[in-house]
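Architecture and fold: a report
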Amino acid sequence: MSQDKIRTLFLIGCFGLFSNNLEAQNVSVETADEADRERMEETFAWKNSKPTVTDFDWVQLVSGEWLKGEIKSLYSKKLQFDSDKLDLLTLDWEDVKYVETHVPGSANIEGHGTVYGFFVIDQKNIVVTLGDDVQEFQRARLVSFITGGEEESDYWSAKISLGLILRSGNDEQVDYTAQGNIKRQTSFSRFTADYIGNISNTQDVETTNNHRVTASHDLFRSQRFFLRPIFAEYFTDRLSNIDARVTIGTGFGYTIIDTSRTNWNVAGGPAYQSTRFISVQPGENDEETTLALVVSTDYDIELTKTLDFIFSYSTTWGNEASGGYTHHLVTTFESEIIGSLDFDVSFIWDRISNPTVAEDGTIPFKDDYQLILGIGYEY
């Protein structure tokens, strides 16, 4: 064999060995890269890198972001979360991926009742731990949830809205209006009380003086159904010839819509009503009582992140001597100014189908309308 052929075969063999070695190195590199990727994914997966719960509650959003702070409550698919840096936040429950508490809390689980302990909630399940006792439930069956409760103030929230108009010169007039709401809510019950009051004076003559206080207490029985063992209302309006009207009743309610942005409840039941009039025609009773039927509805929708629309309506059917059919309607636009400060615009319509004639023959109007502008503060 010639030297040229030997040289050619030698070069071909060397090239083959080099190619095989290069291919083996590429496979090795690809295998190493794949192993590194798997190792990094395992190391930095959210379920393995969640913060350690010590002095704070932790919430993770579906975006992967973590929030550190204190959980206040969950109801109507809204999670109240207090952060030192971000202040009080209201989070849509559908945007919350993971929750872990550092203090015990209580939750109302549909079909089971109230449970108490430390909570870990993911997108499917709820794990409640108290000592050696561990319980697990489906997240979809969670009705309401609250942590803390070490102090009574943990259960309460409030809002007040004030409006004031002062006029001087040709027309000396003072218009005062106030709206207030307080709420106490736990994982299985809710107490609310509302107040609306208006006072106007023109040339030192009182032209408006009315006040309304309503209150109710609810017991949650499922995600939709609640009992209302007691509801009550106190109303006074001198220009409507009503010195005092008290309504007390009992009933139940149902949640028609319950989403992250919209809530719609209806409730009602039988009631007892007593009305005392400022003055009446000769021979008429200055106080009337009646059995009544009360039906109410509350509708709340989040139009934008800073604008809410609230609709509240209640109607009462009693006897003619007590005023017959009456209703109270309030629509409100709440616009967030900054933090807990709101600008509120409310329209109120009150109606009495059979107003009582005063001693001097004055017949009160059946309908009263109010447009209220106010600054509100929520706590």
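Residues numbered from 1 in each chain as written. Predicted model: local features only at pLDDT ≥ 70, side-chain atom pairs only at ≥ 80, totals over all residues. Heavy atoms only, no water.

The next point concerns the confidence of the model for the chain. Looking at the chain as a whole, its pLDDT mean stands at 83, while 81% of the residues score no less than 70. Scored below 50 in pLDDT, residues 22–32 makes 0 contacts in the model with residues more than four places away or belonging to other chains. Within the model, pLDDT remains below 50 along residues 40–48, and this stretch shows 6 contacts once partners closer than five positions in the same chain are excluded. (pLDDT = per-residue confidence, 0-100. Contact = heavy atoms within 4.5 Å.)

The side chains of a regular strand alternate between both faces of the sheet. Here strand β21 (residues 341–352) shows a clear split, with D342, D344, S346, I348, D350 and I352 buried on one side and none of L341, F343, V345, F347, W349 and R351 buried on the other. Across 12 bridges, strand β20 (residues 325–338) lies against β21 in antiparallel orientation. When the sheet's bridge partners are listed, H327 is paired in β21 with R351. Here β20 hands over to β21 after 2 residues, with G339 in that stretch at a positive phi of 55 degrees. Inspection of the sheet shows β21 paired to strand β22 (residues 367–378) by 11 bridges, in the antiparallel sense. Bridge pairing links S346 to I372 in β22. (Buried < 20%, exposed > 50% of the residue type's maximum accessible area, 1.4 Å probe, protein only. Helix = DSSP H or I, 4+ residues; strand = E, 2+ residues; numbered from the N terminus. Pairing = 2+ DSSP bridges.)

In this structure the tally under the stated criterion is 13 salt bridges. When the shortest N-O distance is used, the salt bridge between R228 and D218 registers 2.7 Å. Of the two residues, R228 is situated in strand β15 (residues 225–237) and D218 in strand β14 (residues 205–220); the sequence distance between them amounts to 10 residues. Under the relative-accessibility criterion, R228 is labelled buried at 12%. Relative accessible area serves as the criterion here: at 1%, D218 is assigned to the buried category. Here D367 makes a salt bridge to R351, at a shortest N to O gap of 2.7 Å. Of the two residues, D367 sits in strand β22 while R351 sits in strand β21, which places them 16 residues apart along the sequence. A single salt-bridge network, built from bridges that share partners, covers K159, E334, D342 and D344. (Salt bridge = Lys/Arg side-chain N within 4 Å of Asp/Glu carboxyl O.)

A word on the side chain of T316. Within the secondary structure layout, T316 lies in strand β19 (residues 307–317). A relative accessible area of 12% places T316 in the buried class. Setting aside residues up to four positions removed in sequence, T316 forms contacts with Q273, A292, L293, V294, G324, Y325 and T326.

The subject of this paragraph is unusual backbone geometry. The backbone of N241 sits at a positive phi, close to 65 degrees, despite the residue not being glycine. Within the secondary structure, N241 is located in the loop between β15 and β16 (242–258).

A few words on the pairing of strand β8 (residues 125–130). In this structure, strand β7 (residues 113–121) lies alongside β8, joined through 4 bridges in antiparallel fashion. Bridge pairing in β8 links I121 to I126. The hairpin turn running from β7 into β8, its antiparallel successor, is 3 residues long. Here 6 bridges tie β8 to strand β9 (residues 133–138), and the two strands are oriented antiparallel to one another. Bridged to I126 within β9 is F137.

It is worth spelling out the packing of aromatic side chains at this point. Under the defined criterion, the tally for this structure stands at 10 aromatic pairs. Seen from their ring centres, F225 and F252 are 6.1 Å apart, and the 35 degrees between their planes marks the pair as tilted. Within this pair, whereas F225 is found in strand β15, its partner F252 is found in strand β16, the two being separated by 27 residues in sequence. By way of ring pairs, the aromatic residues W58, W66 and Y98 are connected into one cluster. Looking at K68, its charged tip hangs above the ring of F56, at a distance of 4.4 Å from the centre. (Phe/Tyr/Trp six-rings, centres within 6.5 Å; stacked < 30°, edge-to-face > 60°. Lys NZ or Arg CZ within 6 Å of the ring centre and 35° of its normal.)

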